Structure formats: C-alpha cells, structure tokens
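What follows is each chain in one-letter form.
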Amino acid sequence: MDSIVGKNSALTWAVNISVVVLVLLWTIPTFGLLVSSIRDKDQLVSTGWWTSFSSVERNLIRRSAPASEQTKADDLYVLKGNVFADKTGEITAFGWNSKDPTAFKPGDTAQMRKGKMLQVNADGAYVLSSPTPHTRKKGTRIFITSVEAPIFTLDNYSEVLFAEGIGKSFLNTMTVTIPATIIPILIAAFAAYALAWMEFPGRSIMLAMVVGLLVVPLQMSLIPLLRLYTDVGIGKGYLGIWLAHTGFGLPLAIYLLRNYIAGLPREVIESARVDGANDFLIFVKIILPLSFPALASFAIFQFLWVWNDLLIATVFLGNNEEQLVMTGRLREMLGSRGGNWEILTASAFVSIFVPLMVFFSLQKYLVRGLLSGSVKGG
Amino acid sequence: MEQMLIALFTVVVGVLGCITYFVGSNFILDFIFPTTGSNATKNIQKSAAIRPWLFMGPAIILLTVYLVYPVINSVWLSFHGPSGKEFIGIDNYTWLFGDAKFLESFLNNMMWLIVVPAASTFFGLMAAALTDRISWGNIAKSLIFMPMAISFIGASIIWKFVYDYRGDSADQIGILNALMVHFGAEPQAWIAMPFWNSFFLMIILIWIQTGFAMVILSAALRGIPEETIEAAILDGANPLQVFLKIKMPQMWGTVAVVWTTITILVLKVFDIVMAMTNGQWGSQVLANYMFDWMFRGHDFGRSATIALVIMVLVLPVMVWNVRNLKNEN
C-alpha cells in the first residue's frame, strides 16, 4: 500500500492533514477540560480556555473597603485598598458609574457625586475620598478594566478533592471496582473452559444462552433485582453492587474467555488427558496460565465498565457520603453546581484520570479483547 | 480508608471462596468417584458427567438470578400496578401507547439508532483507512480511541463545556459558541433547542464509539488479502476505487458486527441524556424515561413495561447473534 501513496505526494498530504483534523476534533474537547481545570476560577468563567496562555483583558466590578474601615485625613474621609486583593494585574481603565465603566485612565482622579473622588492606579491601588463620612457597609462599586497574566493553579483540584467530596467518592469507586473486576474472572474462566472443552448434554444451548444474554439490556434487571434485594435483605450497599456487576459482567467474560480457550491447541489438552489429568488439573495447570491475555482483556473491560458505570451505582448504592461513587457525584454536581466550571472540570478530570491511565498503559489487551468478538454495551 | 480494606477483604474472601468452591467440589467429586480401584472406568465416566456442572454452577446461578429471572419478572411486572403487586391487565401497555412522552422517547431512540451507528461506523472506517497509511498512525489511533475509556458522564461534562452558552453580551467560554461568534453568527443554547439538541447529544456518543469502530475495522482492513489489492492496482484502479470496490465488499461482515454492537449500546443510552438534559426540551430517550418512572414516578409496572420495549428492540440482534454462533459451529 505504501507504494500507492508513495507515488502521489499530494495524496499523502491529504491523508496526513485529514488525520490531523480528525485527531484534533477528537482530542480538543478533552484538552479543553484539562486546561480549564487548572485555570484560575475567575479567569475560567470570563474567557475561553483557548486564550488561557495569553494575558486577558476583563471588565470587572469590585467593591471598595466597607465604610467601617474609613480613616480621616485632613478634612476627608478616606478608604484605601487594592482592587486586585490577592491577585496581580494591570488596570487599563476604571470608572465609578455603570453607564461609563471605562471613563478614566489609571492615575486619573474621578469626580463622583457629592464631592467624592476616586483614584485608581495601574497597580490596582485605589483611594476613595469623601468630604462626608462613608456610609456604605458593603463598600462602593468600582468598575475596572484590567489585564491579567494567565494564572494556573491546582486550587481547583484541592477544592474538589477535599471540600467537594470527590476524594471520598474516589475511594468509594475503588471500593466498588476492585472486587467487581476480580471476582467474575474466576467464575467465568471455569464456565468458559467447560463450554470450550468439556462434553456434556446441553452445551450448545448453554453457549447460545450466554451469547443471547450478552445483549440483554441492564434496564430489564433493575426493578426485579431491586425488589429481590429488598426481599432478601441485601438492601443498598456494596455487597449488592459487587454481585450485580459480577452477574452483569459474566456473559461477556464467559464469551471472551471461551473464544480464547477454544482456540488453544487441542494437542496440549489431549496429551494432558492421556497422561491421566482430569479437567480440573488441566484447567488449573494449563488453561489458566495460557489464558492470561484473555483474562487481562476482560479485566480491563470490566474495570473500565464498572469504574465508569452510573446506572447500576445509582440503583444499587445509596446516595450518602459513604456510598456515592464518582460518576454519581459528577451527576449531582451537574445539577447543583452547573455553572461552577472550575469544580466540574477538575472533578471530571479526577474521575477520568484512572481509566485513561489504564487505557494508555494496557491498550494492547483492550484492543485484543475487542477483536476477539464482541463488546459489552451496558 | 477503612472501606478500602473492606473491599480488599471482600476480594480476598470472594476469591478464596471461589477457589474453595472449585477446589473443594472437585476434590469431593474425586473422593466419591475415585479413578483407581475396581470401578475406575465407571467412576471416570460419572465424574466426567458431573464435573462440567461443577465448573459452570456459579456462573449458571448468577446468570439466572441477574439476567434470566429479571426478564421473566419484568414481563410479570408489566401486568401489575405501581407497587408491582396488584394485577391490572394490559393497562400499562394501553397507557404506554397513548403516552406522548413515550412516543417522543421512542422516536428519539429511533433517531439515535440511525444516526449514531451510521456516523460512528463512517468515522471509524475513515479513521481506520487513513491511519493505516501514515507513519504516526498508531499515535493517531490511540488518541481517537481514547474517549472509549471515558465515562459517559465524564464525556457529558466535557461536551457540556464545549456547548456552553452564556448570554449574547458575555464572552463565550464554550468553544462551539466562540466559533459561532467568531464567524459572525449568533451564539446558541445548543442543548435547549428542541429536536436539534438530540443531535448534539448524539455527537457525544459518536465521539466515544468512533474509536471502537476504528479499531475493529482497522483490523479487518489489514486482514484483506494483499493479492486482491495488488491485482486491482495492476488493472489500473486508483486508491479510491481499490477502497470502494475491493476492500469494502470484503468488510461488510465486520461492518455489520460494529453496527449491531453500537446499536445495542444506543438502545440503552442513558447517562448522556440524563446528564445533559434529563429528557427536557424534547430529548427524552427510552432508558432515561424508564429510569424516570422508576425513581421519580415510583411506578414499577410502567417502568418495567418501558424496559420491555427496549428488550423487544434488542431481540432481533440477539437472534442474529445466536444464529451466527450456530453457523460458526
């Protein structure tokens, strides 16, 4: 195929450019999230993340210090301070009236009503003076136009991890995921071996059932199982969700592993049988070690699936601090903190970080698993 | 931390439990039917007949409880009232077919069903065909495949940020609206536009599923025998002709697999709709509507009926899969 492309450099260019466009389209949304999550929260909501590496000009409304902090110098009552508070920036214009918020240059003195005067310097320092005592408890409004250097910070992360409960949810997700990934593997491996290499009546029907169950929508199971759990007394808790994920993961696990195990060379198994090994020994000594790639594939599927699941967690786990998983927390935040992008972006990134690491480090097994048949759709 | 320990403890207990069961049951089997002694041949036959069921026992129990029983129970529930106790005949079904919101969900699901598999397969095929021809193809593939690892809810946040809308006067921080403004158009509240909002939600699923389609189709492309391609080139076919006339016909089987897999996924789409619109502005889908009736409507009967509709829609694929399996064997 290289030969075709090699002859035609225009085509090579076209292919390269199309792939670049595709890759950009597919990565920009995630990249935007990542960049936004480390931006200062005021900058995040006022300018697009793609401008985050350059200085930004913003129109802001700040307030002077409250009247309680006024001092008296000569005949004037004075309020002093800095509009930037703890940040840095440069004032390019200011004003005192919302009708003309950029009327004055930094360093100018603005005449306000009743003889009040306002001066704002380029570094943000302001002096508000008045012949009569200041009365506003919340301070007087100051309109500024400022240029701020880009600020990158990990504050958003520390906030979501410790104050917003994402840290706790992270642990809850781990608690759900680890057992729900490991336990189905053994159960499925034995069943897969039986379906692949053991002779018994009804084998093909069992296999057909597994394949049929692969696509059964989870939605079917929710209500009956919820009722069953209530009747049995499992209620909402980790035991219930571990078992549920195990049950729902089994069809795919059995199917993937059976495909792999059935493809192992017959001679290996036959010769072990001739040597007098029973199926249990064959499975433990020969099949399990040989099936490692397939086991790894399924483990990754199941891990990603359980980690990313929202539906089963919402139904079978409670909504309390001890049980709310990350996906559930994100969903809650979308409702209650819909506008707080600094919290949403950082939280989302915390939740997708682990699956992304697993994805990039174990992609080989994931692809192999996908290719060996089907995938679970949830 | 404590609950992590409990989780690890569960892993240990669970795994040990499984091991104990499998080792123990096989040991008992060998003990009851020893393979040495007078009845050795008979015993071997007997244990060979029982052992498969020992191997499959836990799987059969779990599959029955978690998948088979619920299907039967859902059918039963669909003939019962909100609490699932009183029999009400086909009332749930008559309600369902007269319900405007159900109709909306159903039609939306049909739209999803057409657009998402088609678009994912198309982009996946395009990505597969293009990345196979360039030196950095594997990196490109990895990046396009990446969204597969992201949860639907995470993806929803990513895209909600892309679609973010703020009033006309403010600077847009959503990249889509920023582009609109840049090109002189009006910014839009994308996910609140009836009818069209569904498509903006579909984009999220397409974004996630394209990588899957690409990986499978790329393997299929590589599996095409070189000779057929070489023969076509010798006959003077250009690259596009080679792709459409030689490669595509050999890939229809794989395309069908990709298409049906995504179809199944689409029928169950839930997280995205719930996170983005929760079914408002005419974007409801079956899975979310079912969830609505389960948790907000507290009507198990109606909810189970909606779940059955999803099940019925999945059935053809199920039958097709099982038939394929029979043909393989």
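Quick caveat: nothing in here was measured; it's all calculated off a predicted structure.

Counting secondary structure elements, chain B contains 13 helices and zero strands. Start at the N end of chain B and walk to the C end: the helices and strands fall as α-α-α-α-α-α-α-α-α-α-α-α-α. Scaling as 2.2 N^0.38, a compact globule of 329 residues should have a C-alpha radius of gyration of about 20 Å, whereas chain B reaches 26 Å, well beyond that. Expressed as lengths along the three principal axes of its C-alpha atoms, the size of chain B is roughly 90 × 70 × 50 Å. For chain B, the proportion of its 329 residues judged to be buried stands at 53%. Restricting to contacts in chain B with at least 6 residues of sequence separation, those with at least 24 account for 66%. One finds the centroid of the 17 positive side-chain charges in chain B at a distance of 10 Å from the centroid of its 19 negative side-chain charges.

For the rest of this paragraph, the subject is the sheet that holds strand β1 (residues 56-63) of chain A. Residues and elements named next belong to chain A. One open sheet holds the three strands; their spatial order is β1-β8-β4, and the pairing between them is antiparallel. Only two strands of the sheet have a single neighbouring strand rather than two, namely β1 and β4 (90-95). Ignoring strand direction, the axes of neighbouring strands in this sheet form an average angle of 25 degrees.

This next bit is on the confidence of the model for chain B. Summary statistics for chain B give a mean pLDDT of 85 and a share of 98% for residues scoring 70 or more. For this predicted complex, the interface confidence score (ipTM) comes to 0.86, while the overall pTM stands at 0.82.

For the structure on display, the rule yields 39 aromatic pairs over all chains. Relative to B:F123, the ring of B:F122 has its centre 5.5 Å away and its plane inclined at 70 degrees; by these criteria the two rings are edge-to-face. For B:F123, a relative accessible area of 26% gives the class partly exposed. Among the aromatic residues, those joined into a ring-pair cluster are A:F190, A:Y193, A:F280, A:F283, B:Y21, B:F22 and B:F55. Across from the ring centre of B:W293, 5.0 Å away, lies the NZ or CZ of B:R302, which sits over that ring.

Let us now look at the environment of B:V65. Relative to the helices and strands, B:V65 is located in helix α2 (residues 40-77). Taking the relative accessible area as the measure of exposure, B:V65 reaches 29% and is therefore partly exposed. Put simply, B:V65 and B:L29 are 36 residues apart on the chain and 26 Å apart in space, counted from C-alpha to C-alpha. With sequence-adjacent residues up to four places away left out, B:V65 is seen in contact with A:L225, A:L228 and B:P70.

Here the focus is the layout of surface pockets. Space left empty within the atom packing is revealed by a probe, the size of a water molecule, rolled over the atoms. Each pocket or cavity is described by its volume, and for the largest pocket that value is around 500 Å³. Of all elements in the fold, only α5 (166-197) and α9 (266-274) of chain A together with α2 of chain B reach the threshold of two or more residues within the lining of the largest pocket. The element that contributes the greatest number of residues to the lining of the largest pocket is α2(B), accounting for five residues. Looking at the lining of the largest pocket residue by residue, the classes come out as eight nonpolar, four polar and eight charged.

Tallying the contact residues gives 110 residues for chain B and 114 residues for chain A. Between chain B and chain A, the buried area comes to about 10,200 Å², and carbon and sulfur atoms account for 80% of it. Linking chain B with chain A are zero salt bridges. At the boundary of chain B with chain A, the tally comes to eight residue pairs in polar contact (both at pLDDT 80 or more). Ranked by residue count, the leading element in the side of chain B that touches chain A is α2(B), at 22 residues. A per-class count over the side of chain B that touches chain A returns 80 nonpolar, 19 polar and eleven charged.

Here we come to a nonpolar patch on the surface. On the surface, A:W13, A:I17, A:V21 and A:L25 cluster together to form a nonpolar patch covering roughly 440 Å² of accessible area. Along the chain, A:L25 turns up in helix α2 (residues 9-37).

Residue and element names in this part refer to chain A. One open sheet holds the five strands; their spatial order is β2-β3-β7-β6-β5, and the pairing between them is antiparallel. Edge positions in the sheet fall to β2 (71-73) and β5 (109-111), since each of these pairs with one other strand and no more. Averaged over all pairs of adjacent strands, the angle between strand axes in this sheet comes to 30 degrees, irrespective of strand direction. As paired elements, β2 and strand β3 (residues 76-82) share three bridges and run antiparallel to each other. The partner of T71 across the bridge, within β3, is V78.

Moving on to unusual backbone geometry. Residue and element names in this part refer to chain B. Look at F195: it is not a glycine, yet its phi comes out positive at around 70 degrees. When you line up the elements, F195 lands in the loop between α7 (175-182) and α8 (196-222). Assessed through its relative accessible area of 43%, F195 is described here as partly exposed. A positive phi angle, close to 50 degrees, is found at W281, a residue other than glycine. Along the chain, the position of W281 falls in the loop between α11 (271-276) and α12 (286-295). On the basis of relative accessibility, which here comes to 37%, the residue W281 falls in the partly exposed class.

The subject of this paragraph is the side chain of B:Q172. Positionally, B:Q172 belongs in the loop between α6 (152-162) and α7. With near-sequence residues (within four places) excluded, B:Q172 lies in contact with A:G48, A:W50, B:D164, B:Y165, B:R166, B:G167, B:N177, B:A178, B:V181 and B:P187.

Once that is clear, we can look at the packing of α8(B) against helix α10 (residues 239-267) of chain B. Residues and elements named next belong to chain B. Between α8 and α10, the shortest axis-to-axis distance is 10 Å and the interhelical angle comes to 140 degrees. By the angle between their directions, the pair α8 and α10 is classed as oblique. The two elements α8 and α10 meet at a crossing, and its hand is right-handed. Facing L205, Q209, F212, A213, I216, L217, A220 and L221 of α8, the residues of α10 in contact are F243, K247, M251, T254, V255, V258, T261, I262, L265 and V266. Split into classes, the residues belonging to the contact of α8 with α10 amount to 14 nonpolar, three polar and one charged.

This next bit is on the pairing of strand β6 (residues 117-120) of chain A. All names here are of chain A. Residues L118 and V120 point to one face of β6 and are all buried, whereas M117 and Q119, pointing to the other face, are not buried. Across three bridges, β5 lies against β6 in antiparallel orientation. Residue A110 lies in a different strand from β6, and its bridge partner there is L118. The turn linking β5 back onto β6 is made up of five residues, and K114 within it adopts a positive phi angle of 55 degrees. Pairing of β6 with strand β7 (residues 125-130) involves four bridges; the strand directions are antiparallel.

Chain-level pLDDT for chain A is 82 on average; 95% of the residues reach the 70-or-more range. The low-confidence segment residues 374-378 of chain A (pLDDT under 50) makes 21 contacts with residues lying over four places distant or belonging to another chain.

Below, the discussion takes up the nonpolar core. In terms of nonpolar packing, the biggest core is built from 206 residues, with A:Y193, A:F316 and B:W112 touching the most fellow members. Of all the elements, α5(A) adds the most residues to this core, at 17 residues. Leaving out residues up to four positions away in the same chain, A:Y193 has contacts with A:M198, A:I261, A:I269, A:R273, A:D279, A:I282, A:F283, A:I287 and B:F55. Grouped together as the second largest cluster of nonpolar side chains are 16 residues, A:A65, A:F94, A:W96 and A:L128 included.

Reading guide: rules and limits
Residues numbered from 1 in each chain as written. Chains lettered and ligands numbered in written order. Predicted model: local features only at pLDDT ≥ 70, side-chain atom pairs only at ≥ 80, totals over all residues. Heavy atoms only, no water. Helix = DSSP H or I, 4+ residues; strand = E, 2+ residues; numbered from the N terminus. Rg over C-alpha atoms; globule rule 2.2 N^0.38 Å. Buried < 20%, exposed > 50% of the residue type's maximum accessible area, 1.4 Å probe, protein only. Contact = heavy atoms within 4.5 Å. Lys, Arg positive; Asp, Glu negative; His and termini not counted. Charge placed at Lys NZ, Arg CZ, Asp CG, Glu CD. Pairing = 2+ DSSP bridges. Axes fitted to C-alpha atoms, helices over the stretch in contact; angles between N-to-C directions. pLDDT = per-residue confidence, 0-100. Phe/Tyr/Trp six-rings, centres within 6.5 Å; stacked < 30°, edge-to-face > 60°. Lys NZ or Arg CZ within 6 Å of the ring centre and 35° of its normal. 1 Å grid on protein atoms, 1.4 Å probe; cavity = no way out; pocket = protein on both sides within 12 Å on 5 of 7 lines; lining within 4 Å. Points joined across faces, edges and corners; volume = space filled by probe spheres on them. Nonpolar A, V, L, I, M, F, W, Y, C, P; charged D, E, K, R; others polar. Buried area = accessible area lost by both parts, 1.4 Å probe. Salt bridge = Lys/Arg side-chain N within 4 Å of Asp/Glu carboxyl O. Polar contact = N/O pair within 3.5 Å; in protein donor to acceptor, adjacent residues only side chain to side chain. Patch = residues over 30% accessible without salt bridge, like charges linked within 9 Å, V, L, I, M, F, W, Y side chains within 5 Å. Areas by Shrake-Rupley, 256 points an atom, 1.4 Å probe, with all protein chains shown as cover. Parallel < 35°, antiparallel > 145°, perpendicular 65-115°, else oblique. Left-handed = near helix turned anticlockwise from the far one by under 90°. Core = buried A, V, L, I, M, F, W, Y, C linked by side-chain atoms within 4.5 Å.

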